[in-house]
Structures are given as C-alpha cells and as structure tokens.
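This is what each chain is made of:
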Amino acid sequence: LLFVGRLDEQKGLSVLFEALARLGNASDWKLAVYGAGPEEKNLRRLCGERGLDERIEFAGVSADMPSVYRNADLLVLPSLHEGMPNVVLEAMSSGLPVLATDIGGTRELLSGWASSWLVPARNIDRLSEALGRAIRDPDALAELGMRGRREAEEHFSYASIARQTIEDYEQLLRARRRGVRA
C-alpha cells in the first residue's frame, strides 16, 4: 500500500491508520508513507499506539516517484478534503489503482468507472472494508490500474487536454461569429 502527500490533518492519515489497525494480523500488508509535514510526529506515535510500527514505513520524500508508483500495489488517499489531487493523476498514469475518499476533485477523477473504490471521508469502517477487499482481490486491483491508466491517457494527458482546449476555443469562436456572447 502507498500513501503520497503532505503529512497533515487534511490528508486523513490518522483515519487510514485506524482502518489498517482494524485489519489485524490476518491480512498481509505494508504501507509506505511518502511525504513530510507537521503531523509526522503525531502519526508516528499513533502507529506505535496501534501496533503498526512493523507494517508502516515513513519513507520521507523521493526524487524518483515513478519507481515508487511502479513498486506499489495500491495508492490510498484518505483525504478529508481535496481540490484536484495530482497524486491520483500520477497514480492513474502509472497504472497504479487508487482507493480514495469520495470528495471534491477525487470524486471527479474516479466517479463512474472507479466509484466502488471511493469511500466516505472519515469513515473508518468503510475504509477498512475497502482495504480488506483490495488485499483479497489482486485481480480487481490489476483491472482497476489498467482502467485508470486508460482514463488518464484519454482524459488527462497533455494531448487530450490540449485537444479539449482547442475544441473549447473553436466553439467560442464559432459562437462569436454567430454574434452569441459566451
């Protein structure tokens, strides 16, 4: 499992740690946490209190994030609020499946094709259930990762964004030529 982001309250890592603690020792998992921030000390303490020290690695910051994404099985983003999270786009582009909270820009990126992998923010039970499902079903994760990569290429690549921007401008120009103000 992988988390990438700022280590602060907004990212919901304490919720993730509680959800992981509920999985117990029955599940085989490890979490790599990439990032830095003001909550690192509190998060490390919470890991110790929940007996997760052996399963959660605070990896700091990496200059080689493509390798980090390639070596993970699932990105988990338990944020409490987000705009358009680049980490989700990066994971999708890497073919890494994403389990995230059903909020803001994350919902926009994953709704429809991956909505079953969105969980309510702050809902420890639902996050724990989804993590358990992910751990038990690697085939579903592989399919989710492939679908995410296709979605990223079709809708969020530089080429597709440039194409959409050109189409938008052409539409505005056509409307202006007809005398319609946009």
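Basis of the calculations
Residues numbered from 1 in each chain as written. Predicted model: local features only at pLDDT ≥ 70, side-chain atom pairs only at ≥ 80, totals over all residues. Heavy atoms only, no water. Helix = DSSP H or I, 4+ residues; strand = E, 2+ residues; numbered from the N terminus. Buried < 20%, exposed > 50% of the residue type's maximum accessible area, 1.4 Å probe, protein only. Contact = heavy atoms within 4.5 Å. Axes fitted to C-alpha atoms, helices over the stretch in contact; angles between N-to-C directions. Nonpolar A, V, L, I, M, F, W, Y, C, P; charged D, E, K, R; others polar. Salt bridge = Lys/Arg side-chain N within 4 Å of Asp/Glu carboxyl O. Arc of directions from axis to C-beta. Pairing = 2+ DSSP bridges.

Draft legend 1. Just the overall build of the chain, in detail. When helices and strands are counted, the chain shows eight helices and six strands. Counting from the amino terminus, the chain carries its helices and strands in the arrangement β-α-β-α-β-α-β-α-β-α-β-α-α-α. Within the span of the chain, comprising 182 residues, buried residues form 44% of the whole. A separation of at least 24 residues holds for 64% of the contacts in the chain among residues at least 6 apart in sequence.

Draft legend 2. Region of interest: helix α4 (residues 86-94). Val-87, Val-88, Leu-89, Ala-91 and Met-92 are the residues of α4 that are buried. Check the buried side of α4 and you find it contacts β1 (2-4), α3 (65-70), β4 (75-77), β5 (98-101), α5 (104-110) and α7 (138-156). Phi turns positive one or two residues past the end of α4, at Gly-95, with a value near 80°.

Draft legend 3. Fine view of the packing of α7 against helix α8 (residues 158-177). Packing of α7 against α8 brings their axes to within 5 Å, and their N-to-C directions diverge by 35°. Judged by residue contacts, Glu-153, Glu-154, His-155 and Phe-156 of α7 engage Tyr-158, Ser-160 and Ile-161 from α8. Its residues assigned to classes, the contact of α7 with α8 comprises three nonpolar, two polar and two charged.

Draft legend 4. Just the pattern of salt bridges, in detail. Summed over the entire model, instances satisfying the criterion amount to eleven salt bridges. Here Arg-44 and Glu-40 are joined by a salt bridge, their closest N and O atoms 2.9 Å apart. One end of the pair is Arg-44 and the other is Glu-40, both in helix α2 (residues 40-49) and four residues apart, which spans about a single turn. According to the relative accessible area criterion, Glu-40 is partly exposed, its value standing at 25%. Here Asp-102 and Arg-107 are joined by a salt bridge, their closest N and O atoms 2.7 Å apart. According to the relative accessible area criterion, Arg-107 is partly exposed, its value standing at 38%.

Draft legend 5. Examining α2 more closely. If you check which residues of α2 are buried, you get Leu-43, Leu-46 and Cys-47. Along the axis of α2, the buried residues cluster in a sector spanning 105°; they form a single face. Elements in contact with the buried residues of α2: α1 (13-23) and β3 (56-60). Looking one or two places after α2, you find Gly-51, whose phi comes out positive at around 70°.

Draft legend 6. Spotlight on the pairing of β3. Where strand β2 (residues 31-34) meets β3, four bridges bridge the pair, whose relative direction is parallel. Bridge pairing links Leu-31 to Ile-56 in β3.

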